[in-house]
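Structural characterization, general
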Amino acid sequence: TSRGLGDVYKRQVLTTAAALAAAFWSGLAASAGKSRSIVIFFSRTGTIKGLAQTVVKLTGADVLELQLVKPYAANYSDMTYIAREERREGTRREISTKIPDLTPYDTIFLGTPYWWGGVSIPMRTFLMDHPLEGKTVVPFVVSGSSSPEGAWEDIRKYCPKAKILEGFH
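Here is a short report on the structure shown in this document.

Let us now look at the nonpolar core. Of all hydrophobic cores here, the largest spans 30 residues; its most connected members are Ile 40, Leu 66, Tyr 72, Leu 110, Phe 126, Leu 127 and Leu 132. Among the secondary structure elements, those contributing two or more residues to this core are β1 (37-41), α3 (76-89), β3 (107-115), α4 (121-129), β5 (136-142) and α5 (149-158). The residues touching Leu 110, leaving out its near neighbours within four places in the chain, are Ile 40, Met 123, Phe 126, Leu 127, Leu 132, Val 137, Val 138, Pro 139 and Phe 140. Formed by 11 residues, the second largest nonpolar core is a distinct cluster that contains Phe 41, Ile 48, Leu 51 and Phe 168.

In structure tokens, the structure reads:
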């Protein structure tokens, strides 16, 4: 089958992002190996999932993908309209994934797309329910055009008693 330009571009972005992530996390892998760690992520398109898999491979961390009770619209324009409204209104998205007891984990790698000035709505919902008190949080965010500062602010807001390390964008 022939691949469209979008597929080729996505593969190039994923390959580059994975290489950058590997460089970024190589220093963290040793310290994560000394503690119990988990990668928690939400990925709508697969980009964050690819980065999450790289982190798991480098660190040996457990992994948890956040799934939704009601998935977003398949059409990108429809999805962005819905997500923008949810962000503006402070709406939550119900997560169907069973969240394990996070007590044994020292390090939490958080992966999320950047949506309308902050973390994705599913990640925001997760953090509102699980503020990760006393944990070391290592965020990674993907955005096509925006600075990650809004995501870092969200994570600091929803995890006020966590140690938040510099994130990967």
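Once that is clear, we can look at the pairing of β5. Strand residues, when the strand is regular, have side chains that alternate between the two faces of the sheet. Most of β5 is tucked away, with 5 of its 7 residues classed as buried. Here β3 pairs with β5 via 7 bridges, running parallel. Bridging from a neighbouring strand, Gly 111 pairs with Phe 140 of β5. Of the pairings in the sheet, the one linking β5 to strand β6 (residues 163-164) comprises 2 bridges and is parallel in character.

Within the secondary structure, Ser 43 sits in the loop between β1 and α2 (47-59). For Ser 43, a relative accessible area of 12% translates into the label buried. Polar contacts involving the side chain of Ser 43 include one to the main-chain amide nitrogen of Gly 46, which spans 3.0 Å. Contacts of Ser 43, omitting those with residues within four sequence positions, involve Ile 48, Lys 49 and Glu 65.

Look at α3: 20 Å from first C-alpha to last across 14 residues, which is about the 20 Å you get at 1.5 Å a residue. Among the residues making up α3, those that are buried are Met 79, Thr 80, Ala 83, Glu 85, Glu 86 and Arg 87. Between a side-chain oxygen at the N-terminus of α3 and the backbone nitrogen of Asp 78 the separation is 3.0 Å; the capping residue is Asn 75. After α3 finishes, the residue Gly 90 shows a positive phi value of roughly 75 degrees.

Counted according to the given criterion, the structure contains 2 aromatic pairs. With centroids separated by 5.8 Å and ring planes inclined at 85 degrees, the aromatic side chains of Phe 42 and Trp 115 adopt a geometry described as edge-to-face. Placement of the pair is Phe 42 in the loop between β1 and α2 and Trp 115 in strand β3, with a sequence separation of 73 residues. Across this residue pair, the class does not change: Phe 42 and Trp 115 are buried. On the basis of an interplanar angle of 90 degrees and a centroid distance of 5.2 Å, the ring pair of Tyr 72 and Trp 115 is categorised as edge-to-face. Of the two residues, Tyr 72 sits in the loop between β2 (62-65) and α3 while Trp 115 sits in strand β3, which places them 43 residues apart along the sequence. Judged by its relative accessible area of 10%, Tyr 72 is buried. These aromatic residues form a ring-pair network of at least three members: Phe 42, Tyr 72 and Trp 115. Above the plane of the ring of Tyr 72 lies Arg 93, whose end atom (NZ or CZ) is 3.9 Å from the centre.

A large share of β3 lies buried, amounting to 9 of its 9 residues. Relative to β3, β1 runs parallel, the two being bridged by 5 bridges. Bridge pairing in β3 links Ser 37 to Thr 107.

Cut-offs applied
- Residues numbered from 1 in each chain as written.
- Predicted model: local features only at pLDDT ≥ 70, side-chain atom pairs only at ≥ 80, totals over all residues.
- Heavy atoms only, no water.
- Core = buried A, V, L, I, M, F, W, Y, C linked by side-chain atoms within 4.5 Å.
- Buried < 20%, exposed > 50% of the residue type's maximum accessible area, 1.4 Å probe, protein only.
- Helix = DSSP H or I, 4+ residues; strand = E, 2+ residues; numbered from the N terminus.
- Contact = heavy atoms within 4.5 Å.
- Pairing = 2+ DSSP bridges.
- Polar contact = N/O pair within 3.5 Å; in protein donor to acceptor, adjacent residues only side chain to side chain.
- Expected span 1.5 Å × (residues − 1).
- Phe/Tyr/Trp six-rings, centres within 6.5 Å; stacked < 30°, edge-to-face > 60°.
- Lys NZ or Arg CZ within 6 Å of the ring centre and 35° of its normal.

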